[in-house]
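# Remarks on the overall topology
In case you want the letters, here they are:
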Amino acid sequence: QVQLVESGGGLVQPGGSLTLSCAASGSGFSINIMAWYRQAPGKQRELVASISGADNTNYADSVKGRFTISRDNADSTVRLQMYRLEPEDTAVYYCKTVVQFRAQLITYSYWGQGTQVTVSS
């Protein structure tokens with residue numbers, strides 16, 4: 001089992017910045033992908049950004065140039081740096097990881113509990 005704990009959400013004014021963190025805990029696994037999703041009220045959950053074990057990154061068109069996803073040196077924590085935030089960025093943000101356990105040939109997905117980001121004046 002892998003547990004993901006998100007932190008860093010809160011209230012920010014339009015044009016402001018916020019950084020989210022997601023820490024993965026457990027043992028016997030290697031991370032293939034870590035990603036951030038978000039879900040606004042009445043909306044479907046959508047992919048925001050992802051980063052692979054080889055540090056390849058992908059971003060939703062709506063956040064390109066404003067958000068940056070990265071991993072720490074130990075590859076156990078993923079961060080989402082958000083800049084020039086807009087009211088439409090308001091959502092619950094979820095961390096997701098795709099991992100592979102030792103001696104297994106298939107992957108598993110795990111989700112964090114979510115953290116609220118509210119962009120408002």
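Data block above holds the structure.
Our subject in this report is the structure included herewith.

### Structural notes on the nonpolar core
One finds M34, W36, L80, M82 and Y93 to be the most contacted residues of the largest nonpolar core, which totals 29 residues. Those elements that provide at least two residues to this core are β3 (18–25), β4 (29–39), β5 (46–52), β7 (67–71), β8 (77–82), β9 (91–101) and β11 (115–119). Sorting elements by how many residues they give to this core places β9 first, with five residues.

### Looking at the state of the cysteines
The full count for this structure, using the stated rule, is one disulfide. Disulfide pairing places C22 opposite C95 at an S-S distance of 2.1 Å. In this structure the cystine formed by C22 and C95 twists about its S-S bond by roughly -85°; its chirality is therefore left-handed. A residue pair is termed long-range when its members are at least 10 positions apart, and C22 in strand β3 and C95 in strand β9 qualify at 73 residues.

### Remarks on the pairing of strand β1 (residues 3–7)
Side-chain alternation along β1 places L4 and E6 on a buried face and Q3, V5 and S7 on a face that remains uncovered. Bridging between β1 and β3 involves five bridges; their strand directions are antiparallel. Within the sheet, the bridge partner assigned to Q3 lies in β3 and is S25.

Analysis parameters
Residues numbered from 1 in each chain as written. Predicted model: local features only at pLDDT ≥ 70, side-chain atom pairs only at ≥ 80, totals over all residues. Heavy atoms only, no water. Core = buried A, V, L, I, M, F, W, Y, C linked by side-chain atoms within 4.5 Å. Buried < 20%, exposed > 50% of the residue type's maximum accessible area, 1.4 Å probe, protein only. Helix = DSSP H or I, 4+ residues; strand = E, 2+ residues; numbered from the N terminus. Disulfide = S-S within 2.5 Å. Pairing = 2+ DSSP bridges.

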